[in-house]
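# Overview (structure and organization)
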Amino acid sequence: MFLAIYRNTIKNILRSKVFWIMLFVTIIVIIHSVFAGQYRGDNERNFILYYLDYVQMISNICCATLLSYSLPIFTISTVVLVLNRDYNDAFFEIEKSSNVSICAYLTGRLWALLSLNLLALIVFHTLSVHLYVFTRNGVNDLNIFEYLIDSTIRILRIDFCVVMPTIIFYIGLALVIGTLFKNGIASAIVSIGYVIFFYIANLMFRWKYAPIYFDYFSPIPNKLRDYFHFFNTSEFEGMVKYFNLSIGKVLFCIAFLVGFGVVCSIISYLRIRKRTV
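One structure accompanies this document, and this report is about it. The structure displayed is predicted, hence computed values, not measured ones.

### With respect to the environment of V129
Mapped onto the fold, V129 is located in helix α5 (residues 102-134). Separated by 14 residues in the primary sequence, V129 and S115 place their C-alpha atoms 21 Å from one another. Beyond its immediate chain neighbours, meaning those up to four positions away, V129 contacts M57, I58, I61, Y147 and I155.

Shown next, in the form of structure tokens:
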């Protein structure tokens, strides 16, 4: 039953025009950010992309560009699509009449949302990095095979260690709002409102106020992002000392983001158990 719900959720999302519109818009944002550049002078013909700049770009193009608003809104949109189907198309009543357990009902949807958004993240991030590098004539002192191996490892490490917890955070937030208000539109308004709030706050106050929030409890914790910024390079140890980083702080940030998503899922489960219509 879990697999059937998982497959149906994926199909319902992929059949939605909104999903493909959001996919197209996100790709446009990626292309724009790539050609706008990451560094001063990186659009000049004689620009040389050195290794450390390339490593830094992989982190920045994901955390500072994709995660600033486009990927969170994309993720929230997929949750809203699922919520709208549940509350507007009578699928809950059909599945309840078939004696589908609430646990299978919820976990099937959660895993579908997580896997679909994780796949989209990897595609978006990979597209961003390769488009940037190939429009700058490659990475200095790396041949094509060395670049593909190195970039794949670095992209996947950031996607799974840094961004996946953020995706879980936003899925949990959008889901719990939707189940509390029994409405996908309410979920979209509140969740996207939080994305806008964090975007503005991060832009204006990141280095001035509430360091504990930005370091540990924001959707993109600084301690988590900074730890993997220059991971496995000559700059890594200096980064750890300068920003006072540690694996314990990294695990705390991951635990907070994932824990928030789990708590939201539990609240959603309790709400769905009481649902009659």
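Following the structure, the description resumes.
### Focus: the side chain of N117
Among the structural elements, N117 can be located in helix α5. In terms of polar contacts, N117 uses its side chain to reach the side chain of T75, at 3.3 Å. In this structure the side chain of N117 is engaged in a polar contact, spanning 2.7 Å, whose partner is the backbone oxygen of L113. Setting aside residues up to four positions removed in sequence, N117 forms contacts with F74, T75, T78, I167 and I171.

### Topic: the packing of aromatic side chains
Inspection of the entire model under this criterion finds 27 aromatic pairs. Pairing F19 with F74 gives two aromatic rings, centres 5.6 Å apart and planes at 55°, and the pair type is tilted. In this pair, F19 is assigned in helix α2 (residues 17-36) and F74 in helix α3 (residues 51-88), connecting sequence segments 55 residues apart. Among the residues examined, F19 registers a relative accessible area of 6% and is labelled buried.

Conventions used here
- Residues numbered from 1 in each chain as written.
- Predicted model: local features only at pLDDT ≥ 70, side-chain atom pairs only at ≥ 80, totals over all residues.
- Heavy atoms only, no water.
- Helix = DSSP H or I, 4+ residues; strand = E, 2+ residues; numbered from the N terminus.
- Contact = heavy atoms within 4.5 Å.
- Polar contact = N/O pair within 3.5 Å; in protein donor to acceptor, adjacent residues only side chain to side chain.
- Phe/Tyr/Trp six-rings, centres within 6.5 Å; stacked < 30°, edge-to-face > 60°.
- Buried < 20%, exposed > 50% of the residue type's maximum accessible area, 1.4 Å probe, protein only.

Treat this as a map of the structure, not an account of what it does.
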